[in-house]
Structure formats: C-alpha cells, structure tokens
Amino acid sequence: MLKKMKLSLFNITNFKVDGGAMFGVIPKAIWSRAYPPDENNLINLSLRSLVVETGGHVILIDTGWGDKQDEKFFRHVNLNGGEGLIEGLKKRGYYPEDITDIFLTHMHADHCGGSVKRMSGSDKFELTFPKATCYISETQWNWAVKNNLREADSFLKENILPLGELGDLKLVNDEQELFPGFRVMICHGHTPGLMIPIIKYKGKTLVYTGDLMPTVAHIPLLWNMSYDIESLKTIEEKQKILNEALNNGYIFVFQHDEHIECCNLEMTPKGIRVSEKFRFSEIV
Ligand SMILES: [Zn+2]
C-alpha cells in the first residue's frame, strides 16, 4: 500500500523587488494599498519551498537563490528573514541526501539557484542534493540554456549548466501526473514552460501558484508582473486555473506572498477573488 502523502512548507528567505515591476500596468496608488512598499518603493517577498513525500519520493519544489553569486548581487536583492534552504529542510527532518527529486518550476535565479553549490575551496560546482533527479520542463530548459536579453539577469549559467552536466536531468514535455497525487500544469506567459504543481492531499487539491500568481494580490486577471514575457498568455492561464480552482474548491499555496500562505476563492461582481486566507499548518 502507498504511504500517505506528507507535505512541509517553509520560507527559505525573504527578498525585495521593485513594487512597480511586480504589478505591471496597475497604478501605484492602487497596488500600494494591496501590498505596501517601503520608502524605496520595494516590496518584501517570501520564497517558500514545498516538500512532498509521495509514493517513495521526497520531492523538493524549488530551491531558492543559493549562494554562488557575489556580495553585490545579494545586496541588490535585499535578503532578509527566512529559515535558509538546508536549515529549513533540516528542521523538518530532511538532509540533502534524503531528497530524491527536485522539481524546478522554472530557471529564474530565485527558483533554482540552491540546486547547485560551489565546492568548498574550489571554483568547481557540485549538486546540493546529490541523489536527486531534477525535473524541469523541456520548453523551459531549452529556453533558459539558449537565454535572451529580457531574462539574462535571471538565467544565470552557473545555476543552469551544472544541472545538465552533473545532474540526473528529466525534461517534462507535457502536462501529466508526475508522481502519485502530483500533477503538472505547464504555462508560458511568465516564461515559456513554467510548471505549476497541482497536488491532491487528504481530499483537498492544492495549487502551488509559483510565479503565475506570486501573491494574493496577483489573483485579479490584470494584476501581473512586468517580468512576464507574454502578459496575454499569463491572463489566459490565470483565467483557466482560477475557473478550475473556483469550481472545484482548490486551495492556492503562495510562494512569494510575505504574509499569506494559502487561500481559497469566491466569485464576486468583479470576478474571482480571494475568499479566506489561512496558514498552511491549518490544512496539514
Ligand atoms: Zn520567475
């Protein structure tokens, strides 16, 4: 018999980004009420990873920034708070060797950097999770390796190339149930081949919204990041999952919302909006 699924959510770190860039065409007078910025117009984001134990796998969803870049790079992103990747895992009883699979939603630096580390006393790289198979969508892998001017600041070769050279890389090429109770939606608006995990757990369905809807404030269809490569695709993809989630009572789990871990949805005269907000610990 399959062992019951076990889930753990933890925040690796917070970091800050320009509030305007996070809300695209929405005027500051409006977004700043929903997600207040600091005196430099920066907003603080979390960076939560989810560990899923299912069918003999221990799957880590996204690995954070890592620590390979220089001090200037990390000063620019204003790291603050959080538990750390390895420390956060350890607190929940996991050592790096225990992770059988890493699932990378996409290859932007804040999502995949922790998968590769520098060998101590050397310029060479090694894998942080030596026994893990690494899942990336085929579309995103090819896109990130090729790189482009728009995403070059976030597609860093030291985060990407070692996974292909040292890792057991599995490229996902269509939407499917990848592990028992763990299926994948593939999106293209934020970046081509963004994978969104949809997980069945104790009769509930959880959507780890990743960079499709980074915070609760990104639920309205037009509240999208300037970072998105194709806004119209993001809007269509949000519409699809929002409708499916509303009709089936799915729970959203946010990777980047500093304050809100989870929510469910309701229909309002303005469209689908957040209903109740709650902690992840209330559902596990
Ligand atoms: Zn991203």
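See the structure printed just above.
Sequence order as written defines the numbering, with residues in each chain counted from 1. Given that the model is predicted, a residue must reach a pLDDT of at least 70 before its local features are reported, and side-chain atom pairs must reach 80 or more before they are shown or counted; all residues, however, enter totals for whole chains, interfaces and linings. Each side-chain value is worked out from all heavy atoms of the structure, with water and hydrogens disregarded.

Draft legend 1. Summary view of the environment of Asp98. Each helix corresponds to a stretch of at least 4 residues labelled H or I by DSSP, and each strand to a stretch of at least 2 residues labelled E; elements are numbered beginning at the N terminus. By the element assignment, Asp98 lies in the loop between α4 (85–91) and β6 (101–103). Given the relative accessible area of 33%, Asp98 is considered partly exposed. From its side chain, Asp98 meets the backbone nitrogen of Tyr95 in a polar contact 2.7 Å long. Throughout, exposure labels follow a simple rule: accessible area from a 1.4 Å probe, protein chains only, divided by the maximum for the residue type, with under 20% read as buried, over 50% as exposed, and the rest as partly exposed. We define a polar contact as two N or O atoms separated by no more than 3.5 Å, with the added condition that, inside protein, one atom must be a possible hydrogen donor and the other a possible acceptor, whereas residues neighbouring each other in sequence contribute only through side-chain atom pairs.

Draft legend 2. A look at the sheet that holds strand β13 (residues 194–201). Two strands are said to pair when DSSP picks up at least two bridges between them. Ordered by their spatial adjacency, seven strands build an open sheet running β11-β12-β13-β14-β15-β16-β17, and the pairing between neighbours is mixed. In the strand order of this sheet, the two ends are held by β11 (177–179) and β17 (271–278), each with one partner. On average, each strand axis in the sheet is tilted by 35° relative to the strand beside it, whichever way the strands run. Sheet analysis places strand β12 (residues 182–187) next to β13, joined by six bridges and oriented antiparallel. By the bridge assignment for β13, Ile186 is matched with Met195. Each axis is a line fitted through C-alpha atoms, taken for helices only over the stretch in contact, and angles between the N-to-C directions span 0 to 180 degrees.

Draft legend 3. Inspection of the environment of Gln140 at higher detail. Relative to the helices and strands, Gln140 resides in helix α6 (residues 138–146). Taking the C-alpha atoms as reference points, Gln140 and Glu237, 97 residues apart in sequence, are found 16 Å from one another. Residue contacts follow a heavy-atom distance rule, with two residues in contact if any of their heavy atoms lie within 4.5 Å. Those residues within four positions of Gln140 in sequence are excluded, and the remaining contacts are His106, Met107, Phe155, Thr191, Pro192 and Gly193. Side chain to side chain, Gln140 and Thr191 meet in a polar contact 3.2 Å long.

Draft legend 4. Fine view of the coordination of the zinc ion. Each protein donor to the zinc ion is listed here as His106 (NE2), His108 (ND1), His190 (NE2) and Asp211 (OD); together their distances run 2.1 to 2.2 Å. Metal-coordinating donors are taken as N, O and S atoms lying within 2.8 Å of the metal, or within 3.2 Å when the metal is Na, K or Ca; because water is left out, some sites can appear incomplete. Here a site with four donors is tetrahedral if all angles are between 85 and 135 degrees, and a site with four or six donors is square planar or octahedral if opposite donors are over 155 degrees apart and the other angles are between 65 and 115; anything else gets the irregular label. Coordination at the zinc ion is irregular: its four donor atoms span angles of 90 to 173° at the metal. Motif for the zinc ion, donor spacing along one chain: H-x1-H-x81-H-x20-D.

Draft legend 5. Summary view of the packing of aromatic side chains. When the centres of two rings from Phe, Tyr and Trp lie within 6.5 Å, Trp using its six-membered ring, the rings pair. Their planes under 30 degrees apart give stacked, over 60 give edge-to-face, and anything left gives tilted. Within this structure, the stated rule accounts for ten aromatic pairs. Measuring from centroid to centroid gives 5.2 Å for Phe15 and Trp65, while their planes differ by 90°, and the two rings are edge-to-face. In this pair, Phe15 sits in strand β2 (residues 15–18) while Trp65 sits in the loop between β5 (57–61) and α3 (71–77), placing the two residues 50 residues apart along the sequence. Across this residue pair, the class does not change: Phe15 and Trp65 are buried. With a centroid separation of 5.2 Å and 75° between ring planes, the pair formed by Tyr135 and Phe179 is classed as edge-to-face. In this pair, Tyr135 sits in strand β9 (residues 133–137) while Phe179 sits in strand β11, placing the two residues 44 residues apart along the sequence. Judged by relative accessible area, which is 3%, Phe179 ranks as buried. The structure contains a cluster of three or more aromatic residues connected by ring pairs, namely Phe15, Trp65, Phe73 and Phe74.

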